[in-house]
Amino acid sequence: MLARRAILGVGLAGLATPLLGSTEGLIAEGGFDRARFDAWVKIRAGTGQPVFWYSEGTVRSFPSGELLGFLEGFDTARVHWPEPGQPLAHQYNRKIYVWRDKSTGQVLKGPDGVPVPPIAYPYQFITYRLAGDWVETFVEQGAGARLTRIGPGRNMAVRRQGRTLIFTAPVYLDLPLGPGARMQAFENYDFVVDPDADPSTYVLSWLRTGEGPPALGGGPVVLHLITRRHERFTDMPERMRRYVETQAPLWRQPPADLAEIRKLQAG
């Protein structure tokens, strides 16, 4: 939910593929049927009204583990089923994450005293499609000449442990940034939920390894965030709400529809 560019990569290495169809235990990739696909979409993006996945966590240097700062933010999404009855769903979402000072908790500032810009997406348009026991994922983001379409990604896995479903999505990033430069990172998302429980119990653990912002030295860092789902903007912590209301009001709710996304894509 936090990648600078959301790409579903090649999969979880080292796990045996014969377990793909199992209902218990470890699987490498896949493991979906229609019921699990529907559960995934409902968990991730709700049933029509906006949902909010609020995150907070640490930024640590690698390999020392020194605490450099904190990261706080959220992803807000709504779902649309373009072909009712078919295993095809659209997710309209925005996300914003704020770098915070490790001592004060205030918005992190660079050496020049200027606040470090948040990681912010005005929109992402994500399509999920069930294909066999896989979920195929397509992502659109950016605007104008920087509009990017990514997919199909095909490495999400689901497994059951007791009443709990665990949806795992590893992300492998290797993207050009300009002449002779690349952005390389690894991310992993684990949604751990009892699909029959109250959505307030839904939890996501998110991990990223890659380069940190220049204000934190620009070296390799490990980000680890714990995320919980909320049903309303007003349910999130007051500090996050105040930041959005005063600094980023667009992020108070997800895009209303595909027409709004197409307008944002045009720049």
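Draft legend 1. Layout of the overall build of the protein chain. Along the protein chain, the regular secondary structure elements total three helices and eleven strands. Taken from the N to the C terminus, the helices and strands of the protein chain come in the order α-β-β-β-β-β-β-β-β-β-β-β-α-α. Burial status across the protein chain gives 48% buried among its 267 residues. In the form shown here, the protein chain has an accessible surface area of approximately 12600 Å², with 55% of it arising from carbon and sulfur atoms.

Draft legend 2. How the structure looks around the packing of aromatic side chains. The final tally for this structure, using the stated rule, is twelve aromatic pairs. Residues Y92 and F125 carry aromatic rings whose centres are separated by 5.8 Å and whose planes lie at 45° to one another, so their mutual orientation is tilted. Linking Y92 in strand β3 (residues 88–101) with F125 in strand β4 (residues 119–131), this pair joins segments that are 33 residues apart in sequence. Of the two residues, Y92 and F125, neither departs from the other in class, the shared state being buried. Members of the aromatic cluster, each reached through a chain of ring pairs, are F32, W40, W53, Y128, F167 and F191. If you follow K95 out to its NZ or CZ, it ends over the ring of Y121, 5.7 Å from the centre.

Draft legend 3. Structural view of the pattern of salt bridges. Applying the stated rule across the entire model yields 18 salt bridges. As a salt-bridge pair, K102 and E66 come within 4.0 Å of each other at their nearest N and O atoms. Here E66 lies in the loop between β1 (51–61) and β2 (67–80) and K102 lies in the loop between β3 and β4, a separation of 36 residues in the sequence. As a salt-bridge pair, R242 and E238 come within 2.5 Å of each other at their nearest N and O atoms. Of this pair, R242 and E238 both sit in helix α2 (residues 238–247), four residues apart, roughly one helical turn.

Draft legend 4. A look at the pairing of strand β6 (residues 148–153). Pairing analysis gives four bridges linking strand β5 (residues 134–141) to β6, with the strands arranged antiparallel. From the neighbouring strand, T137 faces β6, where its bridge partner is G153. Counting the residues between successive antiparallel strands, the hairpin from β5 to β6 contains six residues, one of them, G142, with a positive phi of roughly 90°.

Draft legend 5. A look at the nonpolar core. Grouped together as the largest cluster of nonpolar side chains are 47 residues, with contacts concentrated most on F32, W40, W99, F167 and L223. Beyond its immediate stretch of four places on either side in the chain, F167 contacts F32, R36, W40, I43, A157, V158, Y189, D190, F191 and V193. Counting twelve residues, the second-largest nonpolar core is a separate cluster that includes V98, F233, M240 and W251.

Draft legend 6. Spotlight on unusual backbone geometry. Of the consecutive residues F62 and P63, the connecting peptide bond is found in the cis state with omega at 10°. Looking at where P63 falls in the secondary structure, it is placed in the loop between β1 and β2. A cis geometry characterises the amide bond from G151 onward to P152, with omega recorded as 5°.

Draft legend 7. Region of the structure containing the pairing of strand β9 (residues 181–193). Taken together, the 13 bridges between strand β8 (residues 164–178) and β9 define a ladder with antiparallel strand orientation. By the bridge assignment for β9, I166 is matched with V192. With antiparallel pairing between neighbouring strands as the criterion, β8 and β9 make up a hairpin whose turn holds two residues, including G180 at a positive phi of roughly 75°. Relative to strand β10 (residues 203–211), β9 runs antiparallel, the two sharing seven bridges. The partner of E187 across the bridge, within β10, is R208.

Draft legend 8. Region of the structure containing α2. Those residues of α2 that sit buried are M240, R241, Y243 and V244. Down the axis of α2, the sector holding all buried residues measures 160°, keeping them to one side. Buried residues in α2 make contact with β1, β2 and β3.

Draft legend 9. Molecular detail of helix α3 (residues 258–265). A side-chain oxygen of the first residue of α3 lies 3.2 Å from the backbone nitrogen of A259; this N-cap is D257. Of the residues trailing α3, G267 is marked for its positive phi of about 85°.

Draft legend 10. Highlighting the sheet that holds β10. One open sheet holds the eleven strands; their spatial order is β6-β5-β4-β3-β2-β1-β11-β10-β9-β8-β7, and the pairing between them is antiparallel. Each edge of the open sheet is held by one strand with a lone partner, namely β6 and β7 (157–161). Taken pair by pair, the neighbouring strands of this sheet meet at an average axis angle of 20°, ignoring direction. Note that β4 and β5 share seven bridges and pair antiparallel. Paired with I126 across the bridge in β5 is V139. Where helix α1 (residues 34–45) meets the sheet, its contacts fall on β1, β2, β3, β4, β5, β7, β8, β9 and β11 (220–230), and the angle it forms with β4 comes to roughly 165°. Against the sheet, α3 engages β3, β4 and β5, with an angle of about 125° to β4.

Rules behind the numbers
- Residues numbered from 1 in each chain as written.
- Predicted model: local features only at pLDDT ≥ 70, side-chain atom pairs only at ≥ 80, totals over all residues.
- Heavy atoms only, no water.
- Helix = DSSP H or I, 4+ residues; strand = E, 2+ residues; numbered from the N terminus.
- Buried < 20%, exposed > 50% of the residue type's maximum accessible area, 1.4 Å probe, protein only.
- Areas by Shrake-Rupley, 256 points an atom, 1.4 Å probe, with all protein chains shown as cover.
- Phe/Tyr/Trp six-rings, centres within 6.5 Å; stacked < 30°, edge-to-face > 60°.
- Lys NZ or Arg CZ within 6 Å of the ring centre and 35° of its normal.
- Salt bridge = Lys/Arg side-chain N within 4 Å of Asp/Glu carboxyl O.
- Pairing = 2+ DSSP bridges.
- Core = buried A, V, L, I, M, F, W, Y, C linked by side-chain atoms within 4.5 Å.
- Contact = heavy atoms within 4.5 Å.
- Arc of directions from axis to C-beta.
- Polar contact = N/O pair within 3.5 Å; in protein donor to acceptor, adjacent residues only side chain to side chain.
- Axes fitted to C-alpha atoms, helices over the stretch in contact; angles between N-to-C directions.

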